[in-house]
Amino acid sequence: MTGQDDAPVRVLLVDGDEGMRRVIAQELLSDMRIRLQGQAGSARDARRLLASEEFDVLMLDLRLADGSGFELIRDARKQQSHCEIIVVSALEDDAHVLRAFEVGATGYLLKNAWQQSFAQAVLQVVNGGAAITPRLSRRLLARMGRHSVDGPAPEPHPLDIVLTTREREVLHCVARGQASRVVSLALGISMQTVNAHMKNIYKKLNVHSRAQAVSRATLTGLL
């Protein structure tokens, strides 16, 4: 499992709300499996951190006084292509959530949600799971359900993108926030097989993360 006392997960935290940033920072600092590598309250300072620090996870707000969180997500992907990115935002409309996943986020937490752990979210994403506030997960699953009943989403998917029945089953499990170990138990297959299916899904959908795969499949009606 990634994230141990002797090899903590390195996190960068970016939020213009000083009070909220302090709350998140205190929780991260209290977990020995996580190292808070740096903090920033602006897009300008965040870019300095991205350029100077090695990190595994970026946690950021989408609304910053001097720039867009979406641009920072893209910048982070350029600096550390395999990093995990968790949005922590008050914005919960589908447009912002889906766009965040499309540009590279791997998690989305709402600032006003109760009973969620920022530290646990960090550990979930670095170990192949999903970090999405439950009510957002329910909406995404409901959206997928509407697509399956009413037909494909308005944006048609290319005819050459075809997911096998097993790939759809794996992706449905991933959309529920299940890590590879849980998916393997649920479907009665090995973790290696689960990961092989996910690699095939990534290639077919031209994405690089589980969150992006779920978002792309939902938007194109494949789920």
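Treat the numbers as computed from the prediction; the structure is a model and nothing was measured. (Residues numbered from 1 in each chain as written. Predicted model: local features only at pLDDT ≥ 70, side-chain atom pairs only at ≥ 80, totals over all residues. Heavy atoms only, no water.)

Undergrad: Hey, could you go over the overall build of the chain for me, with residue numbers and the actual values?
TA: Within the chain, the secondary structure is distributed over 10 helices and 8 strands. Out of the 223 residues belonging to the chain, those deemed buried represent 51%. (Helix = DSSP H or I, 4+ residues; strand = E, 2+ residues; numbered from the N terminus. Buried < 20%, exposed > 50% of the residue type's maximum accessible area, 1.4 Å probe, protein only.)

Undergrad: Give me the lowdown on the packing of aromatic side chains, citing residues and values where you can.
TA: What describes a pair of aromatic rings is the distance from one ring centre to the other and the angle between the planes of the rings. Taken as a whole, this structure holds 1 aromatic pair when the rule is applied. With 6.4 Å between their ring centres and 65° between their planes, F101 and Y108 make a pair best called edge-to-face. By relative accessible area, F101 is classed as buried at 2%. The ring of F70 is capped by R99, whose NZ or CZ atom sits 3.9 Å from the centre of that ring. (Phe/Tyr/Trp six-rings, centres within 6.5 Å; stacked < 30°, edge-to-face > 60°. Lys NZ or Arg CZ within 6 Å of the ring centre and 35° of its normal.)

Undergrad: Tell me what's going on with the side chain of Q80, and back it up with residues and numbers.
TA: By the secondary structure assignment, Q80 is in the loop between helix 3 (69–79) and strand 6 (84–89). Note on Q80: relative accessible area 19%, which makes it buried. Aside from chain neighbours lying at most four places away, what touches Q80 is E53, E54 and F55. (Contact = heavy atoms within 4.5 Å.)

Undergrad: Report on the packing of helix 7 (residues 165–175) against helix 9 (residues 191–205), specifying residues and quantitative values.
TA: Helix packing for two helices is described by the angle between their axes and how far apart those axes are. Here helix 7 crosses helix 9 at 95°, and the two axes come no closer than 10 Å. On the basis of the axis angle, helix 7 is roughly perpendicular to helix 9. Taken together, the residues of helix 9 that come into contact with helix 7 (itself represented by R166, E167, V170, L171 and V174) are V194, H197, M198, N200, I201 and K204. Its residues assigned to classes, the contact of helix 7 with helix 9 comprises 6 nonpolar, 2 polar and 3 charged. (Axes fitted to C-alpha atoms, helices over the stretch in contact; angles between N-to-C directions. Parallel < 35°, antiparallel > 145°, perpendicular 65-115°, else oblique. Nonpolar A, V, L, I, M, F, W, Y, C, P; charged D, E, K, R; others polar.)

Undergrad: Give me the pattern of salt bridges: which residues, what numbers.
TA: With the rule as written, the count across this model stands at 10 salt bridges. For R22, the salt bridge goes to E18, with nearest N and O atoms at 3.3 Å. Within this pair, R22 and its partner E18 are both found in helix 1 (residues 18–29), separated by 4 residues, close to a single helical turn. Judged by its relative accessible area of 43%, R22 is partly exposed. Linking K204 and E167 is a salt bridge whose minimum nitrogen-to-oxygen distance equals 2.8 Å. Pair noted here: K204 is in helix 9 and E167 is in helix 7, with a separation of 37 residues, a long-range link. With a relative accessible area of 31%, K204 lands in the partly exposed category. Salt bridges sharing common partners tie together D15, D61 and K111. (Salt bridge = Lys/Arg side-chain N within 4 Å of Asp/Glu carboxyl O.)

Undergrad: Just give me the short version of the layout of surface pockets, but keep the residues and values in it.
TA: Here the largest pocket defines a volume of roughly 510 Å³. Along the wall of the largest pocket there are 24 residues; nearest its centre are E84, Y202, H208, S209 and R210. Only helix 5 (118–126), helix 8 (180–187), helix 9 and helix 10 (210–219) provide two or more residues apiece to the lining of the largest pocket. In terms of residues, the lining of the largest pocket owes the most to one element, helix 9, which gives 4 residues. Classifying every residue of the lining of the largest pocket by side-chain character gives 8 nonpolar, 11 polar and 5 charged. (1 Å grid on protein atoms, 1.4 Å probe; cavity = no way out; pocket = protein on both sides within 12 Å on 5 of 7 lines; lining within 4 Å. Points joined across faces, edges and corners; volume = space filled by probe spheres on them.)

Undergrad: How would you summarise helix 3 if you had to cite specific residues and measurements?
TA: Among the residues making up helix 3, those that are buried are G69, F70, L72, I73, D75, A76 and R77. At the N-terminal end of helix 3, a side-chain oxygen is found 3.1 Å from the backbone nitrogen of F70, two or three residues along, and the residue is S68. (Polar contact = N/O pair within 3.5 Å; in protein donor to acceptor, adjacent residues only side chain to side chain.)

Remember, this is a structural readout, not a statement about activity or role.
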